[in-house]
Amino acid sequence: MFSKILIANRGEIALRVIRACKELGIKTVAVYSEADRDSLHVRFADEAICIGQAASANSYLNIPAIISAAEITDVEAIHPGYGFLSENAHFAEVCESCQITFIGASPESMKLLGDKMTARETMRKAGLPVVSGSNNLVKDKDEALKVARKIRYPVMIKASLGGGGRGMRIAHNDVRLVSSFMTAQAEAEAAFGSQDIYIEKYISKARHIEFQILADNYGHIIHLGERDCSIQRRHQKLLEETPSPALDARLRKKIGEAAVRGAKSINYRGAGTMEFLLDDEGSFYFMELNKRIQVEHPVTEAVYGIDLIKWQILIAAGERLDIGQDDVVRNGASIECRINAEDPDNNFMPNPGKIEVLNLPGGPAVRVDTHIYQGYTISPYYDSMLAKIIVHGKDRSEAIRVMKRALDELIIEPIKTTASLHRKILENNLFLEGKVFTNFLDNIYQAKSEAEE
Ligand code: MV4
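Here the structure is a predicted model, which is why all the values come from computation and not from measurement.

Reading the values: the criteria
Residues numbered from 1 in each chain as written. Predicted model: local features only at pLDDT ≥ 70, side-chain atom pairs only at ≥ 80, totals over all residues. Heavy atoms only, no water. Near = heavy atom within 4 Å. Polar contact = N/O pair within 3.5 Å; in protein donor to acceptor, adjacent residues only side chain to side chain. Areas by Shrake-Rupley, 256 points an atom, 1.4 Å probe, with all protein chains shown as cover. Pairing = 2+ DSSP bridges. Helix = DSSP H or I, 4+ residues; strand = E, 2+ residues; numbered from the N terminus. Axes fitted to C-alpha atoms, helices over the stretch in contact; angles between N-to-C directions. Contact = heavy atoms within 4.5 Å. pLDDT = per-residue confidence, 0-100. Salt bridge = Lys/Arg side-chain N within 4 Å of Asp/Glu carboxyl O. Core = buried A, V, L, I, M, F, W, Y, C linked by side-chain atoms within 4.5 Å. Buried < 20%, exposed > 50% of the residue type's maximum accessible area, 1.4 Å probe, protein only. Domains from an automatic or database assignment. Phe/Tyr/Trp six-rings, centres within 6.5 Å; stacked < 30°, edge-to-face > 60°.

Engineer: Mind showing me how you'd approach the site of the ligand here?
Structural biologist: Around the ligand lies a shell of 17 residues, among which Lys158, Glu200, Lys201, Glu275 and Glu288 are the nearest. The separation between a nitrogen atom of the ligand and a polar main-chain atom of Lys201 is 2.7 Å. Here Glu275 contributes a side-chain N or O atom positioned 2.5 Å from a nitrogen atom of the ligand. Contact with the protein chains hides 94% of the accessible area of the ligand, taken as 530 Å² for the molecule alone.

Here is the structure:
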């Protein structure tokens, strides 16, 4: 086992990793930017090192500074959290060449799955269903037209290096396809340094269903059920839940087995998430494999009683995953609401500033993962997520009641947050019936999503 780990991240996830380490008896090293001097991850780690200026490029993305901090403090491993360097194959390689264990997927899987087109083809060849599409990169507009006429409109144009919805466009006819193809190419070049584009049939009434997987270094892989993340705005998830109201035991088993088969086919190791689209006829399609721990991992922890961060660390240290698929038994339902410093009544404008009054919810069945405290100043430099409220209930309706009660207890003054939107969602009839698709929030706001503009 490791005796000391460096956490290459900030905010709530840095704290979450510190908590797991403390419970495992592992010493921790925090790194922080000049803007994060007063952060809780700095206070609660055993050691802390400033790695640069506020801008992420100069600190949390600064590989030489992070590796230097790791060398100075003599850690055996680095946990990257999510975002920042968590899916950076180069960083994972640098760690390895410095004899520091990167707590995450292998550099090989990160390379193989970094590009969505290759990920799609790899999973198709492993027998997973994928949306009908080009099966190859589409090099010019004539080829795009040929593919679109074959699979029929509407189609979705996707940048192969895009992710989380970036670089996507919908086209309903030849004229729009040609213009969207050209702009998508230019955008992909500017954003990702690659013009690589592929085309898929557009699934209009879809749900985002993702499966959590855990794999050790000895080929043992299990899944920990699904998370339904259909409630998103501009590809930012807002509310996640498990189980999904759209899955029954049979479909859960089928998609779960496909997720495990896909992960096995690439010798995946560590924690990962297989992302699927589920259409309104119960067909599912592989979309992406996220090679990191995700923001919404606590809902899975709540219903399966398994600490995913501890398992990431144990697996990286070479322990065997001693949980079989039959040992994975779900208990009840869980919901997570992301509380962001954004004003839902003003186009989700970021709302940084000092927290003058803070009351976090508590009581039975409520977990709050957050780095904020009363007097904390929210920095404009990083993402706007302030807290995650995670609740547990014996079933979905109890979880909803607990979440409403928890949101009633939440006070973050004078910051405008997404809490007010969550209160509306929890009263919405479609949500209460479990009939949410990825256009749910756009319908509430009567505005079209970025991809459809
Ligand atoms: C799609 C799709 C419809 N058809 N692919 C969005 C994120 C990325 N992982 C995949 N995404 C989508 N891919 C096809 N062929 C619709 C989406 C999508 C979406 C998915 C989940 C949640 C919200 C969404 C909003 C817009 C588009």
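Engineer: I would appreciate a short explanation of the sheet that holds strand S6 (residues 155-159) in the present structure.
Structural biologist: Backbone hydrogen bonds hold the strands of a sheet together, and the pairing may be parallel or antiparallel. One open sheet holds the three strands; their spatial order is S7-S6-S8, and the pairing between them is antiparallel. Each having just a single partner strand, strand S7 (168-171) and strand S8 (197-201) make up the two edges of the open sheet. Averaged over all neighbouring strand pairs, the angle between strand axes comes to 25 degrees, with direction disregarded. In the sheet, S6 pairs with S7 via four bridges, with the strands oriented antiparallel. Bridge pairing in S7 places Val155 opposite Ala171. Seen against the sheet, helix H7 (residues 141-151) touches S6 and S8 and runs at an angle of roughly 15 degrees to S8.

Engineer: Explain the confidence of the model for the protein chain here, please?
Structural biologist: Low pLDDT marks stretches whose predicted atomic positions should not be read closely. Of the residues in the protein chain, 98% reach a pLDDT of 70 or more, and the chain-wide mean stands at 95. Taken as a whole, residues 447-453 scores under 50 in pLDDT and shows 13 contacts with residues more than four places along the chain or in a different chain.

Engineer: Hey, could you run me through the pattern of salt bridges in this one?
Structural biologist: Pairing between side chains becomes possible if they bear opposite charge and their charged atoms approach one another. Enumeration over the complete set of coordinates arrives at 34 salt bridges. We note a salt bridge from Asp174 to Arg149, for which the minimum N-O separation is 2.6 Å. Note that Asp174 is positioned in helix H8 (residues 174-192) and Arg149 in helix H7, a separation of 25 residues in sequence. In this structure, Lys237 engages Glu296 in a salt bridge whose closest nitrogen and oxygen atoms are separated by 2.8 Å.

Engineer: Sorry if this is basic, but what is going on with the nonpolar core here?
Structural biologist: Here is a general trend for soluble globular proteins: nonpolar side chains tend to be buried in one another's company. Of all hydrophobic cores here, the largest spans 55 residues; its most connected members are Leu6, Ile78, Phe91, Met274, Phe276 and Phe286. Built from parts of two domains, this core gets at least three residues from each of domain 1 (4-103) and domain 3 (206-452). Apart from the residues within four sequence positions on either side, Ile78 is in contact with Leu6, Ala8, Ile66, Ile67, Ala70, Phe91, Cys95, Ile100, Thr101, Phe102 and Ile103. Formed by 37 residues, the second largest nonpolar core is a distinct cluster that contains Phe348, Ile389, Ala399 and Ala406.

Engineer: Teacher, can you tell me more about the packing of aromatic side chains here?
Structural biologist: Two numbers describe a pair of aromatic rings. These are the distance of the centres and the angle of the planes. Counted under the stated rule, the structure contains eight aromatic pairs. Taken together, a centroid distance of 5.9 Å and an interplanar angle of 85 degrees make the contact between Phe91 and Phe102 edge-to-face. Pair noted here: Phe91 is in helix H4 (residues 89-97) and Phe102 is in strand S5 (residues 101-102), with a separation of 11 residues, a long-range link. What makes Phe91 buried here is its relative accessible area of 0%.

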